Amino acid sequence: MVAFAEPHFQAWVQSAATNLTVVDKVPPEMLHMVDAHWYQFPPMNPLWHSLLGFAIFVLCFISLVGNGMVMYIFTNTKTLRTPSNLLVVNLAFSDFLMMFTMGPPMVYNCYHETWSLGPFACEVYGMFGSLFGCVSIWSMTMIAFDRYNVIVKGLSAKPLTNNGALLQLFLVWGSSLGWTLAPFFGWNRYVPEGNMSACGTDYLTDTLLSRSYILVYSIFVYFLPLLLIIYSYIFIIKAVSAHEKNMREQAKKMNVASLRSSDAQKTSTEMKLAKVALVTISLWFMAWTPYLVINYTGIFKTAPITPLATIWGSLFAKANAVYNPIVYGISHPKYRAALYQKFPSLSCTDSVDDGQSVASGTTTVASEDKPSA
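Our subject in this report is the structure included herewith. Since this is a predicted model, take the numbers as computed values, not measurements.

Describing the nonpolar core
Proteins that are soluble and globular tend to have nonpolar side chains buried together.
1) Next: Trp-38, Ile-137 and Ile-229 are the most contacted members of the largest nonpolar core, which has 87 residues in total.
2) Next: Among the elements that take part in this core, helix 4 (residues 119-151) stands out by supplying 16 residues, more than any other.
3) Next: Other than its neighbours up to four places away in sequence, Ile-137 contacts Val-221, Pro-225, Ile-229, Trp-284 and Phe-285.

Describing the environment of Met-99
1) Next: By secondary structure assignment, the location of Met-99 is in helix 3 (residues 85-112).
2) Next: Spatially, the C-alpha atoms of Met-99 and Gly-129 are 9.0 Å apart, while their sequence positions differ by 30 residues.
3) Next: Residue contacts for Met-99: discarding those within four places in its chain leaves Ile-56, Leu-59, Cys-60, Ser-63, Leu-64, Pro-104, Lys-318 and Ala-321.

A short note on the pattern of salt bridges
1) Next: On inspection of all chains with the given rule, the structure shows three salt bridges.
2) Next: As a salt-bridge pair, Lys-25 and Glu-113 come within 2.8 Å of each other at their nearest N and O atoms. Here Lys-25 is found in the loop between helix 1 (2-17) and helix 2 (46-76), whereas its partner Glu-113 is found in the loop between helix 3 and helix 4, with 88 residues between them in sequence.
3) Next: Note that Asp-206 and Arg-211 form a salt bridge whose closest N and O atoms lie 2.8 Å from each other.

A word on the side chain of Asn-188
1) Next: Looking at where Asn-188 falls in the secondary structure, it is placed in the loop between helix 5 (162-181) and strand 1 (190-192).
2) Next: Classification of Asn-188 by relative accessible area gives buried; the value is 6%.
3) Next: At 2.9 Å, the side chain of Asn-188 forms a polar contact with the backbone oxygen of Asp-202.
4) Next: Setting aside anything within four residues of it in sequence, one finds Asn-188 in contact with Pro-183, Thr-201, Asp-202, Leu-209, Ser-210, Tyr-213 and Ile-214.

Examining unusual backbone geometry
1) Next: Even without being a glycine, Glu-113 presents a positive backbone phi close to 65 degrees.
2) Next: For Met-196, which is not glycine, the phi dihedral falls at a positive 65 degrees.
3) Next: Assignment of secondary structure puts Met-196 in the loop between strand 1 and strand 2 (199-201).

Digging into the packing of aromatic side chains
How two aromatic rings sit relative to each other is given by the distance of their centres and the angle of their planes.
1) Next: Counted according to the given criterion, the structure contains 21 aromatic pairs.
2) Next: Geometrically, the ring pair formed by Phe-132 and Trp-173 is edge-to-face, given 6.2 Å between the ring centres and 75 degrees between the ring planes. Remark: Trp-173 occurs in helix 5 and Phe-132 occurs in helix 4; sequence separation between them is 41 residues.
3) Next: Classification of Trp-173 by relative accessible area gives partly exposed; the value is 23%.
4) Next: Look at Tyr-148 and Tyr-231: their rings are 6.0 Å apart centre to centre, the planes differ by 35 degrees, and that puts the pair in the tilted class. Of the two residues, Tyr-148 sits in helix 4 while Tyr-231 sits in helix 6 (residues 208-253), which places them 83 residues apart along the sequence.
5) Next: In textbook terms, an aromatic cluster arises when at least three aromatic residues are bridged by ring pairs, as seen for Trp-179, Trp-187, Tyr-213, Tyr-217 and Phe-220.
6) Next: Sitting over the face of the ring of Phe-235, Lys-238 holds its NZ or CZ atom 5.4 Å from the ring centroid.

Analysis parameters
- Residues numbered from 1 in each chain as written.
- Predicted model: local features only at pLDDT ≥ 70, side-chain atom pairs only at ≥ 80, totals over all residues.
- Heavy atoms only, no water.
- Core = buried A, V, L, I, M, F, W, Y, C linked by side-chain atoms within 4.5 Å.
- Buried < 20%, exposed > 50% of the residue type's maximum accessible area, 1.4 Å probe, protein only.
- Helix = DSSP H or I, 4+ residues; strand = E, 2+ residues; numbered from the N terminus.
- Contact = heavy atoms within 4.5 Å.
- Salt bridge = Lys/Arg side-chain N within 4 Å of Asp/Glu carboxyl O.
- Polar contact = N/O pair within 3.5 Å; in protein donor to acceptor, adjacent residues only side chain to side chain.
- Phe/Tyr/Trp six-rings, centres within 6.5 Å; stacked < 30°, edge-to-face > 60°.
- Lys NZ or Arg CZ within 6 Å of the ring centre and 35° of its normal.

Next up, the structure:
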């Protein structure tokens, strides 16, 4: 990579001395999509393109393998084929498609140091990134609701059925597609980002129509899901804490050290799995927050945006497609058991079968032991 970067670095020094800009390598048919804001910046150091291309290549490989394995194991293991786990498979499917459709084009463009696939490919690329990101976050929201339904409502909860899960997935994909197709019909647009190797929503055009899309989209695809997920997990933690407190009080009344019955043990497992899901969601928001900051900085003109800054938005956003299979693989007992059975060389721990999964729960906090008289 150093050998590759050396001649490009020399070319970058020469171009900087001759007042070239980051837009100069953009094909002529793409220029109408490039905002005037980017003409003030010199070409990026080619080393950044090399590093970004290498990082995306690594992330793409890990994501495709990891999410592909999650989909394969969840769909080919009978005990994991539950209605709730359809949400987990959908999340892995969305992350897989994100890197499958966005990873190779970005590596290719990083090699050429500009977007070289044409205007329509730029628009489709931007739509895919927005679509699969939207599907991922709402899949996470549905998983959080399922945990809330199982743990907080308990026996009074209506079990999730296959038809119910499929309906949720239909709504998630339908609404996400609606949001991401809107720029094709004039509500905002997809344009090259500052580094010119990726495309995304237009946050620099100073019109009410363009700005309103960013604002409304961020409310329904970022802030609303975040608030719903926080609400769900606050009550999940409260319910489990109340259950544990009641167990301790019963143990004190019966003059025993503890009442670690199988039900209580399962509840403890539910708490661990709820933490795993919460960590996974937190990582997702950490991944997409840089893009939100960049978009808001652009529409509110609070600070200058450089081409280099847009690299971090692309990198962090695509990294979220890697987090989920790693977290699920490490923490999911039945997933580990199936992984050990199907791929013994990839197993990092002994298989443990506790009858639980990250997205499907059979225990209920509501079914607490009654105190003895």
